[in-house]
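# Survey of secondary and tertiary structure
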Amino acid sequence: MRRLVGIMQSLTPARIKTLAGVYFGYGLSILLRRPIVVSPPSFITVEPVCGCNLQCPECPVGTGELGRRKGMIELDVVDSILESFGRHALWVNLYFQGEPFLHPKLHEIVERFSAQRIFTSVSTNGLLLTPEIVDKILLAGLKEIIFSVDGASEEEYLVYRRGGSFQAVVENIRLLVSKRKKRGVFFPRIVYQTLVTSANEKNLDNIRKFAYRLGVDAVEFKSLNLHHGVDINKLLPSTSKLSRYKMAKAKREWPNACFRLWSNAVISFDGRLALCCMDKEVAMFYNVNNMNLSEAWMSLHFNGIRNGMVSGRPIPDICGSCSL
């Protein structure tokens with residue numbers, strides 16, 4: 001309910017036109033077997049921080065395997081993103097490869113997007129919230145906050161969230177629920193999200209009940225992405241329906257055009273365009289760095305990748321190994 005209300009509040013004639021253009025261009029691309037891009041993206045992902053305070057075993061940031069430099073987004077980069085996409089974007093995810101609340105001005109970033117009535121969503125490990133920070137994000141107009149809490153006990157939680165504290169996250173969720181209620185505001189929508197692993201797969205009902213007792217608005221279970229491609233940490237659940245990986249995965253028929261390449265722009269903290277959320281190194285667009293984001297989105301290089309998707313021609317390795 002809260003998400004739907006937030007989306008409705010973000011709708012404008014320009015954004016409705018953009019969304020229609022995204023679907024029209026994608027459908028026409030499939031039909032004609034060549035890339036047709038007639039609209040900017042309706043959805044954007046902006047990376048406030050590349051870096052984290054945890055050491056999660058299947059995250060390239062947590063394991064220290066991410067090759068690109070760490071850093072925090074500057075507010076002028078945020079402004080340039082809004083200049084390129086703000087009028088058309090319906091939704092922004094303020095997270096990518098890192099913990100957003102490491103940024104001391106996250107609330108100002110939220111404010112900038114909220115000022116243009118863009119639905120703002122933050123995903124966090126929840127460890128860095130304080131009463132002051134909670135007050136700031138409530139005032140900034142954050143529409144959604146997703147807490148990554150992989151269980152209903154310290155034992156379950158620490159299997160994946162290494163270096164964290166289950167009790168600390170739980171207390172911070174309670175803090176946000178309490179302050180939202182005290183202020184009498186409708187947002188943010190509070191989500192308790194659990195990565196399903198071998199440690200918690202048999203306890204999902206208890207996790208759901210525990211989370212709702214805290215006062216959250218939604219509980220989501222997310223399948224685990226293996227950064228290394230193989231389950232070296234023995235984290236995959238034994239039940240196949242809880243995993244995005246199958247022992248014998250049927251090959252998807254061509255055309256296999258990823259809708260995200262028409263609808264979602266992913267931007268790193270230093271203002272570079274990534275191919276998608278799986279392009280963690282932001283390494284696919286080395287030859288568009290002299291373009292602004294709007295030009296890069298429509299560039300021959302990006303359309304070349306889209307063309308491979310719809311025509312059956314070779315596609316990047318990152319696409320061939322994608323688990324989404």
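Residues numbered from 1 in each chain as written. Predicted model: local features only at pLDDT ≥ 70, side-chain atom pairs only at ≥ 80, totals over all residues. Heavy atoms only, no water.

## Thoughts on the confidence of the model for the protein chain
Averaged over every residue, the pLDDT of the protein chain is 90; residues scoring 70 or more account for 91%. Taken as a whole, residues 247-254 scores under 50 in pLDDT and shows eight contacts with residues more than four places along the chain or in a different chain. (pLDDT = per-residue confidence, 0-100. Contact = heavy atoms within 4.5 Å.)

## Some remarks on the side chain of glutamine 97
Here glutamine 97 lies in the loop between β4 (91-93) and α4 (106-115). Not counting residues within four places of it along the chain, the set of residues in contact with glutamine 97 comprises Glu47, Val49, Cys50, Gly51, Pro60, Val61, Leu66, Arg68 and Lys280. (Helix = DSSP H or I, 4+ residues; strand = E, 2+ residues; numbered from the N terminus.)

## Here we look at helix α3 (residues 75-85)
Within α3, the full set of buried residues consists of Leu75, Val77, Val78, Ile81, Leu82, Ser84 and Phe85. Tucked inside the fold, the buried residues of α3 contact β1 (43-46), α4, β9 (264-267) and α10 (293-297). (Buried < 20%, exposed > 50% of the residue type's maximum accessible area, 1.4 Å probe, protein only.)

## Quick look at the nonpolar core
One broad rule of soluble globular proteins: the nonpolar side chains tend to lie buried together. If you look at the biggest cluster of nonpolar residues, it comprises 79 residues, and the most contacted ones within it are Phe113 and Tyr192. Apart from the residues lying within four places of it in its own chain, the contact partners of phenylalanine 113 are Ile44, Val46, Val78, Ile81, Leu82, Val92, Leu94, Ile118 and Thr120. (Core = buried A, V, L, I, M, F, W, Y, C linked by side-chain atoms within 4.5 Å.)

## Digging into the packing of aromatic side chains
Note on aromatic pairs: each is described by the distance of the centres and the angle between the planes. Inspection of the entire model under this criterion finds nine aromatic pairs. Judged by centre distance (6.4 Å) and plane angle (75°), the rings of tyrosine 192 and phenylalanine 210 are edge-to-face. With a gap of 18 residues between them, tyrosine 192 in strand β7 (residues 189-195) and phenylalanine 210 in helix α8 (residues 204-214) connect regions that are remote in the sequence. In terms of burial, tyrosine 192 and phenylalanine 210 fall into one category: buried. By the ring-pair criterion, three or more aromatic residues cluster together here, those being Tyr23, Tyr26, Phe259 and Trp262. Just above the ring of phenylalanine 187 sits the side chain of lysine 143; from NZ or CZ to the centre is 5.1 Å. Over the aromatic face of tryptophan 262 sits the side chain of arginine 306, whose NZ or CZ is 5.9 Å from the ring centroid. (Phe/Tyr/Trp six-rings, centres within 6.5 Å; stacked < 30°, edge-to-face > 60°. Lys NZ or Arg CZ within 6 Å of the ring centre and 35° of its normal.)

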